[in-house]
Amino acid sequence: MPKTYGKTETMALWGDYFSHLSRCANVELQNAQGDSLERTSNVDILGEKELIESLSTGKAQLGQVNPGLAAQMVTAGQAPPFAVPGNKATGLRNSYKLILITRVDSPYREPKDLIGKKIAHTTPTSNSGNLAPRALFPALGLTPDKDYEVVFSNGHERSVTGVMHGFFPAAAVASDLYQRMIVKGDVKGSSIRTIWESPPFMTESWIMSKDVSPELQARVKKCSFNYSFSPTLKKQLPGNDTFLPINFDRDFATVMQVYRSTQKK
């Protein structure tokens, strides 16, 4: 799992899914030390480089990846992600937007107001936290590393709290992660101003490494698609109640456009 949350919070959100997968697909999910996730909350929380390396080499067979990592891994030959949170009744897949935020009491009301300032990006491989700003901000008259100084915060939550406490004049973050912080009470929406937002992007998805057998992949997918989200997960992901399958070329078209654009640059 990514370092979006700590181990305890990660298991509070996804532990019920892990238990369902264990029972339904007849598998035992373990951490890197071989401990069953049915008996411990010591789930592996990895940085982006570790997550890519683990899934690419087969050290890990199942993981959650952000859109930027998914684009990078598929381009490198990894099988595409298989599931994303969504709504069973409507068939709508969970999505988010890149938003550019400032403090509500700041003088910044449009992107060009930030020329010559510092803007927090999250991590180099993050779609909304770095790749999308580099692809989309130039059209706003705000080219990264030219019109403003890029400061990496090492996470969306750090970017949001950095803006809230005045460490950064502005930040590029994912709208869904920002909304989760509001739901948890980590930040007051009334203290933050959104001065620009992008078209929708696909959100975090689930991926299996290439060494997983086709038969086991089929079991994991079937059980994932019949999983009903726990009340905790529904609260964290409003409007979503299950996993839906992914058509990578269709669902990740915008993500791949951004990724290819930034790779060329």
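These figures come from a predicted structure and were not determined experimentally.

Evaluation of the coordinates by the stated rule reveals 17 aromatic pairs. For the pair Tyr 17 and Tyr 227, a centre-to-centre distance of 5.4 Å together with 50 degrees between the ring planes defines the contact as tilted. Taken as a pair, Tyr 17 in helix H1 (residues 7–25) and Tyr 227 in the loop between helix H7 (214–225) and helix H8 (231–236) lie far apart in primary sequence, 210 residues in all. Note on accessibility: Tyr 17 and Tyr 227 belong to one class, buried. Members of the aromatic cluster, each reached through a chain of ring pairs, are Trp 14, Tyr 17, Phe 18, Trp 206, Tyr 227, Phe 229 and Phe 243.

Looking now at the nonpolar core. Counting 66 residues, the largest nonpolar core has Trp 14, Tyr 17, Phe 18, Leu 100 and Phe 137 as its most contacted members. Apart from the residues lying within four places of it in its own chain, the contact partners of Trp 14 are Met 1, Gln 64, Trp 206, Leu 233, Leu 237 and Phe 243.

Moving on: the sheet that holds strand S5 (residues 118–121). Here we have 5 strands laid out as an open sheet, ordered S6-S5-S7-S4-S8, and mixed in their pairing. A strand with exactly one partner marks an edge of an open sheet, and here the two such strands are strand S6 (149–152) and strand S8 (192–197). Direction aside, the axes of adjacent strands within the sheet are offset by 30 degrees on average. Here 2 bridges tie S5 to strand S7 (residues 170–174), and the two strands are oriented parallel to one another. In the sheet register, Ile 119 faces S7, and the bridge partner there is Ala 170. Sitting on the sheet, helix H4 (residues 127–136) touches strand S4 (98–103), S5, S6, S7 and S8, and the angle it makes with S7 is about 110 degrees.

Okay, H1 next. With 19 residues, H1 should cover 27 Å at 1.5 Å per step; its first-to-last C-alpha distance of 24 Å lies more than 12% under that length. The largest bend in H1 comes to about 55 degrees, at Trp 14. Of all the residues in H1, the buried ones are Thr 10, Met 11, Leu 13, Trp 14, Gly 15, Tyr 17, Phe 18, Ser 19, His 20, Leu 21, Ser 22 and Ala 25. Once H1 ends, the next one or two residues include Asn 26, with phi positive near 60 degrees.

Analysis parameters
- Residues numbered from 1 in each chain as written.
- Predicted model: local features only at pLDDT ≥ 70, side-chain atom pairs only at ≥ 80, totals over all residues.
- Heavy atoms only, no water.
- Phe/Tyr/Trp six-rings, centres within 6.5 Å; stacked < 30°, edge-to-face > 60°.
- Helix = DSSP H or I, 4+ residues; strand = E, 2+ residues; numbered from the N terminus.
- Buried < 20%, exposed > 50% of the residue type's maximum accessible area, 1.4 Å probe, protein only.
- Core = buried A, V, L, I, M, F, W, Y, C linked by side-chain atoms within 4.5 Å.
- Contact = heavy atoms within 4.5 Å.
- Pairing = 2+ DSSP bridges.
- Axes fitted to C-alpha atoms, helices over the stretch in contact; angles between N-to-C directions.
- Expected span 1.5 Å × (residues − 1).
- Bend = angle between axes of the 7 residues up to and from the residue.

Read these as geometric descriptors, not functional statements.
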